[in-house]
Amino acid sequence: MNIMRSFKCESCGAITNCRIGMSNRAEQPLRFCCPDCGQPIDIVIGGKHAGVSGASEIEAMGPFDDGTNFVDLHLDFPVHFGKYVMGDTPFMRAVSRIGAENIHLHNARLQRLDATYTTFGFFETLLKLYVRERWVPFKNAIERRFDGTVVSDKMQDRNAALYDVIAVTMWPFAKPGQALEDIEQYMKVQLHLANTQKLSFGAFIDEILDTGFLKNMQVACLGIYPRILKAELPLRPALFLDFDTEYQNQAIPMRISADQFDTFKDLYKDITEIISRQFVLVAGINNLLKRGDHNAFKPEIGLTKSGRDLTPNSLHAFADVAFGQKDDLIDDNWFSFGDQAADNQLRNAIAHCKTDYDEITQNITYHPRKEGMRQEKSEEIYFIEFMRRVLIAYREMNRLHQLIKSLFYYYYLIHAAENSG
Ligand SMILES: [Zn+2]
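Residues numbered from 1 in each chain as written. Predicted model: local features only at pLDDT ≥ 70, side-chain atom pairs only at ≥ 80, totals over all residues. Heavy atoms only, no water.

Draft legend 1. Spotlight on the environment of D331. Relative to the elements of secondary structure, D331 occurs in the loop between helix 12 (323-326) and helix 13 (344-351). Here D331 falls in the buried class, since its relative accessible area comes to 12%. Among all residues touching D331, those that are not within four sequence positions of it are N286, K290, R291, K298 and I301. A polar atom in the side chain of D331 sits 2.9 Å from the side chain of R291. (Helix = DSSP H or I, 4+ residues; strand = E, 2+ residues; numbered from the N terminus. Buried < 20%, exposed > 50% of the residue type's maximum accessible area, 1.4 Å probe, protein only. Contact = heavy atoms within 4.5 Å. Polar contact = N/O pair within 3.5 Å; in protein donor to acceptor, adjacent residues only side chain to side chain.)

Draft legend 2. Spotlight on the coordination of the zinc ion. At 2.3 to 2.4 Å from the zinc ion lie its protein donor atoms, namely C9 (SG), C12 (SG), C34 (SG) and C37 (SG). Its four donor atoms give the zinc ion angles of 103 to 113° at the centre, a pattern that matches the tetrahedral case. Here the donor residues for the zinc ion map to a single chain with the spacing C-x2-C-x21-C-x2-C. One end of the pair, C12, is in the loop between strand 1 (2-9) and strand 2 (15-21); the other, C34, is in the loop between strand 3 (28-33) and strand 4 (40-45), with 22 residues separating them in the sequence. Here C34 falls in the buried class, since its relative accessible area comes to 0%. (Donors = N, O, S within 2.8 Å, 3.2 Å for Na, K, Ca; no water. Tetrahedral: all angles 85-135°; square planar, octahedral: opposite > 155°, others 65-115°.)

Draft legend 3. Examining the layout of surface pockets more closely. By volume, the largest pocket is sized at about 950 Å³. In terms of lining residues, the largest pocket is bounded by 37 residues, among which A174, K175, P176, Q178 and R395 are the most central. When residues of the lining of the largest pocket are traced back to their parent elements, those giving at least two are helix 1 (90-116), helix 4 (155-169), helix 5 (178-196) and helix 14 (383-420). Top contributing element to the lining of the largest pocket by residue count: helix 14, with eleven residues. (1 Å grid on protein atoms, 1.4 Å probe; cavity = no way out; pocket = protein on both sides within 12 Å on 5 of 7 lines; lining within 4 Å. Points joined across faces, edges and corners; volume = space filled by probe spheres on them.)

Purely geometric numbers; function is a separate question.
So, in structure tokens, the structure goes:
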């Protein structure tokens, strides 16, 4: 269902006609910026906060004419810029882009979000209880809020309960089938290392446990999940793009009808930062597989054209290597990184504040290269593409968090058990 409404900008008085496609979410916070002056206009449909700010509502005169500003709004789909065309609604456009069957899959994920978004706070609390090792309230929360069980006070059982809840809660953001594939590979690699080079694999496990590295990584990953849930609204249209192969081949400008870029800038930066540190585990395992020593990088792999050898002499040294160079130091990587999982240029631009955001067009301009005061070379992406990158980076972080999870299991179930007996 669509509703037609018209708003008069509080700041400049310009009128904008809106066609609002209804989502099933109980509360629908929508936002666009006045096409004339950029004033943010917020419209909330349903729920406690229903109302309009930044503009006043005036009587909508249909059908909309060409001479007046027009925006399509829909929480669940990307919306197009352009003129009002009767019947060419965001939903109809969405169906024509991905087909009815995929719309069904997209809706299944949204339905889960619609049903659970009011409980995201409990999930965040649960993660905090785990991190703070408050085991009694942790167990209570698992049982009361999440219908799970913690079968014993052993860490492996607490982890099993925790990771079940994460998998269920985060399901709408997962890439279908990915988790199973990854876990199979991790198990295979670990079994192989345990069978063929138990001592050196054990030395690796000891180092990542004794230095607190594995635990710190786990805590960092856990901190991302609630932030992804808070980005639920602008991620909805990004989830849609999972099915839009035409878009994946060529990104086109489309609008998101929710929160703005500044809120989520740091989220992207922080996720890619974690991925950069997760590389350390990938490199350590790669060194084990290739050379039987987690510290042994391929000799001269870091040799530069000028003859300097930047090959790290240990995993510890590798951890400090800049993000963009890490991948080049891993020979014939056993782990295949997803495409666009970590765009180093975008990350750098965001980390160094070299971004400009146009609220009206939702266009982000960023300056990837360090060029002193004149920032001539710039790249552009739309907010929707940015949110897609957040989603892709999140998924990669989550994949590698599953590796962290399985290394903990190896430690609890095999390594620690053998070394204590
Ligand atoms: Zn205005």
